[in-house]
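Take a look at the letters that make up each chain.
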Amino acid sequence: GDQPRPVAPGDQPRPSVVLVACDSLDGRLTFYPGNQTVDLPFINFMKRYGTVFLNAYTNSPICCPSRAAMWSGLFTHLTESWNNFKGLDPGYVTWMDLMEKHGYRTQKFGKLDYTSGHHSVSNRVEAWTRDVDFLLRQEGRPMVKLTGDKTHVRVMEADWRNTDKAVDWIKEEAINLTQPFVLYLGLNLPHPYPSPYAGENFGSSTFLTSPYWLEKVTYEAIKIPKWSSLSEMHPVDYYSSYTKNCTGEFTKQEVRNIRAFYYAMCAETDAMLGEVISALRDTGLLKKTIVIFTADHGELAMEHRQFYKMSMYEGSSHVPLLVMGPGIKEQQQVPNVISLVDIYPTMLDIARIPVTQNLSGHSLMPLLCGKAENEVSPREPRPSWVLSEFHGCNVNSSTYMLRTGKWKYIAYSDGRSVLPQLFDLSDDPDELTNVAIKFPVIVHSLDKILRSIVNYPKVSSSVQEYNKLQFMIWKQSLGQNYSNVIANLRWHQDWLKEPKKYENAIDKWL
């Protein structure tokens, strides 16, 4: 796989590829009934002229670890991208690096966020200290904010600037290339906006949009999610809800507004995708370019009494994946479970680059071309399951999700100290009833499959050791300033009520 493959006479030229990856878009909005809530014309355009995956999942429901999986083609326990501070090494060879080596012109714009060392002090300290025996709110209470008027289109200005750069590159550079290209555009939307309240250590909790985008939302179609009582919540869910500042009272109108503003932010995201598609169409490049649209994870938008991600519930873990272009079957809905690690081998397949390493994913091209599994001879059959795992902040346990058929199985920590969850998504799409106790044989069977993929008790233990070691290194680097710094992180409002109590809890943990 080191040398570019020569194009033999009669070979079709390799297609160009455009990947638009946004942040926090719930994959269920790309098909019925979710798409009745908000007008997403360019997602619908991709569905009409391409393929939509009905069961696409993130491999880790948080930005950096998810992107590390997508750019490496490897599960999170293999990349050891445990949290938003720890991703891939900066020199890691991605699918884009290989495509460049094999004759593609490459270009990136916007949010990447898959290498180590980014995000605030709060992000890393909250992840490292999740095993400490305390409960502190790490987020501002989620809220909505309307800006501008009915003519205000460009709310997320940074994303629009990057979209403009991508459009200009297509019209000025790509159109003149004699070689195929791969263009990546990373968007922040529809991620909630930071809402500053403590210097660099802000909460990220404002759903911000303008009346222009809010008009794209059908308020009557917005579903108000059912909540379990706080006393009935799974202990990990309770921890998440508390640290995300969602255990207080919310009116139905508040919840509806948060969801409506989120959907409006999705509509703005869709418009940016539309700019890229329009530029390809206007330059005549659309017919020879494969366009892929996806996201790093979803957004709970007040389902399960939470906002944000960091959860294995559908709102957080289910991502959009739409593909259109030469050779891609039109108006196809694929029910197979797939995940973001499949992007890497798919990119290599498009570029006709041999896969020379053991990847966690499988090429999606057979499914995209509408071929049955037995028509192709992949290196091994596509598994009937997907794996997602989480080791970061706002959750006080390593979490592992196996989705196969109608079942979603979620295991925690060492598999014993925290009760697992099992959901039948055909009977219970809102995941309100944990049936793990009711179906012990299914639990045993799914846990066996999960352990054959990842030795999850061992991984959980490794993460615990990593967290403690990183915290100690950080604490020592601060010297006398340790207490002052930790008192000013995002949990400062809770911490300052009883600082000694929380310092003692950390000492006991260490």
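In this text, all values refer to a predicted model and were calculated from it rather than measured experimentally.

Engineer: Before we go on, may I ask you to explain the sheet that holds strand β11 (residues 385-390) in this structure?
Structural biologist: The strands that make up a sheet pair up through hydrogen bonds in the backbone, lying either parallel or antiparallel. Pairing is antiparallel in the open sheet, where four strands are placed in the order β11-β12-β13-β14. Of all strands in the sheet, those bounded by a partner on one side alone are β11 and β14 (421-424). In this sheet, neighbouring strand axes are inclined to one another by 15 degrees on average, regardless of whether the strands run parallel or antiparallel. In the sheet, β11 pairs with strand β12 (residues 399-404) via six bridges, with the strands oriented antiparallel. Following the sheet pairing, Glu389 is matched in β12 by Tyr400. Against the sheet, helix α13 (residues 440-453) makes contact with β11, β12, β13 (407-412) and β14, and its axis sits at roughly 65 degrees relative to β13, the strand it touches most.

Engineer: What's the story with empty space enclosed by the protein in this structure? I'm lost.
Structural biologist: Unoccupied space between atoms shows up once a probe the size of one water molecule is rolled over them. The tally for this structure, following the rule as stated, stands at three cavities of 30 Å³ or more. Looking at the largest cavity, it is lined by 13 residues, and the ones nearest its centre are Asp237, Ser311, Met312, Thr399 and Tyr412. Elements with a minimum of two residues in the lining of the largest cavity: α8 (235-243) and β13. Tallying contributions element by element places α8 first for the lining of the largest cavity, with three residues. Of the residues assigned to the lining of the largest cavity, the class counts are eight nonpolar, four polar and one charged. What lines the second largest cavity is a set of 14 residues, among which Ser339, Asp342, Pro383, Trp385 and Val386 lie closest to the centre. Going through the elements one at a time, β10 (332-339) and β11 are the ones with two or more residues in the lining of the second largest cavity.

Engineer: What is the right way to look at the side chain of Thr399 in this model?
Structural biologist: Within the secondary structure, Thr399 sits in strand β12. A polar side-chain atom of Thr399 sits 3.1 Å from the main-chain carbonyl oxygen of Ser397. Those residues in contact with Thr399 that sit more than four places away from it in its chain are Met312, Ser388, Glu389, Phe390, Ile410, Ala411 and Tyr412.

Engineer: Can you help me understand the pattern of salt bridges in this one?
Structural biologist: Two side chains of opposite charge can pair, provided their charged atoms sit close to one another. Tallied over the full model, the rule gives 24 salt bridges. Across the pair Lys150 and Glu215 runs a salt bridge whose closest N-O atoms are separated by 3.1 Å. Residue Lys150 is found in the loop between β4 (143-146) and α6 (157-172), and its partner Glu215 is found in the loop between α7 (211-214) and α8; the two are separated by 65 residues along the sequence. Residue Lys150 shares its accessibility class with Glu215, and that shared class is exposed. For Glu314, the salt bridge is made with Lys408, and the minimal N-O distance between the two is 2.7 Å. Remark: Lys408 occurs in strand β13 and Glu314 occurs in helix α10 (residues 314-317); sequence separation between them is 94 residues. The residues Glu314 and Lys408 share a single accessibility class, namely buried. Among the ionic contacts, a cluster of salt bridges with common partners joins Asp23, Arg67, Lys111 and Asp296.

Rules used throughout
Residue positions are given per chain, counted from 1 along the sequence in the order it is written. Totals for whole chains, interfaces and linings use all residues, but because this is a predicted model, local features are given only for residues with pLDDT of at least 70 and pairs of side-chain atoms are given and counted only at 80 or more. Calculated side-chain values reflect all of the structure's heavy atoms, with hydrogen atoms and water omitted. A pair of strands counts as paired when DSSP detects no fewer than two bridges linking them. What counts as a helix is a DSSP run of H or I of at least four residues, what counts as a strand is a run of E of at least two, and both are numbered from the N terminus. Fitted lines through C-alpha atoms give the axes, limited to the stretch in contact for helices. The angle between two N-to-C directions lies from 0 to 180 degrees. For this analysis, residues touch if any pair of their heavy atoms sits within 4.5 Å. In the cavity and pocket records, a cavity denotes points on a 1 Å grid over the protein atoms alone where a 1.4 Å probe fits but cannot get out, a pocket denotes an open set with protein on both sides within 12 Å along at least 5 of 7 lines, and lining residues are residues with an atom within 4 Å of a point. Grid points are joined across faces, edges and corners, and a volume is the space filled by probe spheres set on the points. Amino acid classes used here: Ala, Val, Leu, Ile, Met, Phe, Trp, Tyr, Cys and Pro are nonpolar; Asp, Glu, Lys and Arg are charged; the rest, including Gly, are polar. Nitrogen and oxygen atoms within 3.5 Å of one another constitute a polar contact, given that in protein one can donate a hydrogen and the other can accept it, and given that sequence-neighbouring residues count only through two side-chain atoms. Salt bridges, as used here, are contacts in which a Lys or Arg side-chain nitrogen is within 4 Å of a carboxyl oxygen on Asp or Glu. When a residue's accessible area, from a 1.4 Å probe over protein chains only, is under 20% of the maximum for its type it is buried; when over 50% it is exposed; and in between it is partly exposed.

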